[in-house]
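Chains, contacts and geometry: an overview
Single-letter residue listing:
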Amino acid sequence: MMCGTVCGQFVSLVHVFPNLDKIMDVLYMFIAVSMVLFKLVITYNWHWKKLKFCLDFLDEDWLQVTHAWEKEIMRTYARYGRLFNIFFMSNYTATWVFVVSQRIYDYLQNKTTKDHIFKVRYFFDVHMSPNFELVFAYQFIQGTATTLCNGGVDGILVIFIYHLYGQLEILKRKLINLLTFYKANKSIISQHSFNKQLGQLIQRHLQLIHFASVVEETFNFMILGQLFVSSLIMCVLGFRIIMTVEDSDLAILVQFILFQISMTTEIFIYCYCGEKIISQSQSVSYAVYETEWFDCPAQVAKMLLVLMIRTKQSLCITAGKLYVMNLENFTSILKTSLSYLSVLRTIKD
């Protein structure tokens, strides 16, 4: 379904070339739908085994919870993940509903030229009834599916990130509790028992590092494509917003602004999640350092030093292993989009 729309939009792009205004009208929708199709292929077709591993990892963690405070931490961060999903799914849905509502309103006004949701060139006359209504219904179903798929892929990434964040928080507290307990009960706890518990926590840290690397490998190429596409779409939408302000078309202006917010929000989510993982992975080292690890036996101190050294290499989410997604780079992305916008304005003038 999406493939048919993408092909039709591409034909429309060729047909309206070289009219810059008409190209911009088709281009942002064409890029957006193509990107969702790309995300589905990358995530579910190419990396389905890694995706299954991540889902099994989450399921296993929930089954192995032994303390009430661990479950509470996991529930808290799972709730944060759901709230994020609700937020950006609502954002995508609001944009889609507005676009559809605007097209339906135009149709009910019986305008001479009726517009479909997507500007697609077909091999038959789509303006006569019932062709218009059938194509409109087809595009509505396809657009709704596209919106849900886009939110679903992003939602899975957010859930994985917040689960990892919660597990690192649990690991951090367990390390602090173990070291505090060891210091207070040196005389009654055996060195072998302490080493075994510490070894289990270090092993758990390695498991979380592996989980983070699998998540990063699953989504990094998708994020690279989304990063490039979102920068391009934000530039195109910015150009259309400027042109629409000059034409004083309020409905179209609101539509473009909603699309712009959706694109910016999507990139912000990636960068924000990346920032959270970087800070949380580093906080494990800080938590161990703030304990009195130097009072531990030499063998234990060495084990803790290795752990602290490893956490200096932060876990992160990247775009194609080329670009680290964090809040600092989010501002760079916005600057890049504005630079592209300036180029478009120069071409238009």
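Just above, that's the structure.
Read on for a plain summary of the structure. Within any chain, residue numbers begin from 1 and follow the written order of that chain's sequence. Local features in this predicted model are restricted to residues of pLDDT 70 or higher, and side-chain atom pairs are both shown and tallied only at a pLDDT of 80 or more, whereas totals for entire chains, interfaces and linings draw on every residue. No hydrogens and no water enter the side-chain calculation; it runs on all heavy atoms of the structure.

**Considerations on the overall build of the chain**
We count a stretch as a helix when DSSP gives it H or I for four or more residues in a row; a strand needs E for two or more, and each element gets its number in order from the N terminus. For the chain, the count of helices and strands is nine helices and two strands. For the chain, the N- to C-terminal ordering of α and β elements is α-α-α-α-α-α-α-α-β-β-α. Burial classification: accessible surface area is computed with a 1.4 Å probe over protein chains only, and a residue below 20% of its type maximum counts as buried, one above 50% as exposed, and the rest as partly exposed. Scored against the burial criterion, the 349 residues of the chain give a buried share of 48%. Relative to all contacts within the chain whose residues are 6 or more apart in sequence, the contacts with residues 24 or more apart total 79%. Residue-level accessible areas treat just the shown protein chains as cover; the underlying method is Shrake-Rupley with a 1.4 Å probe. Approximately 17700 Å² of the chain is accessible, and the part contributed by carbon and sulfur atoms is 65%. Between two residues, a contact is recorded if the distance between any of their heavy atoms is within 4.5 Å.

**With respect to the packing of helix α4 (residues 68-108) against helix α7 (residues 250-290)**
Two quantities define a packed helix pair, namely the angle between the axes and the distance from one axis to the other. Where α4 contacts α7, the axes come no closer than 10 Å and their chain directions differ by 160 degrees. One finds that α4 runs roughly antiparallel with respect to α7. With respect to the hand of their crossing, α4 and α7 are arranged in left-handed fashion. Contacts between α4 and α7 involve Phe84, Phe87, Phe88, Asn91, Tyr92, Ala94, Thr95, Phe98, Val99, Gln102 and Arg103 on the former and, on the latter, Ala251, Ile252, Val254, Gln255, Leu258, Phe259, Ile261, Ser262, Thr265, Glu266, Ile269 and Tyr272. Put simply, Ala, Val, Leu, Ile, Met, Phe, Trp, Tyr, Cys and Pro go in the nonpolar bin, Asp, Glu, Lys and Arg in the charged bin, and everything else, Gly too, in the polar bin. Per-class residue counts for the contact of α4 with α7 are 15 nonpolar, six polar and two charged. Helix axes are fitted to C-alpha atoms over the stretch in contact, other axes to C-alpha atoms as well, and angles between N-to-C directions run from 0 to 180 degrees. Under this scheme an angle from 65 to 115 degrees is roughly perpendicular, one under 35 degrees roughly parallel, and one over 145 degrees roughly antiparallel; angles in between are oblique. Two helices crossing with the near one rotated counterclockwise from the far one by less than a right angle form a left-handed crossing, whereas a clockwise rotation gives a right-handed crossing.

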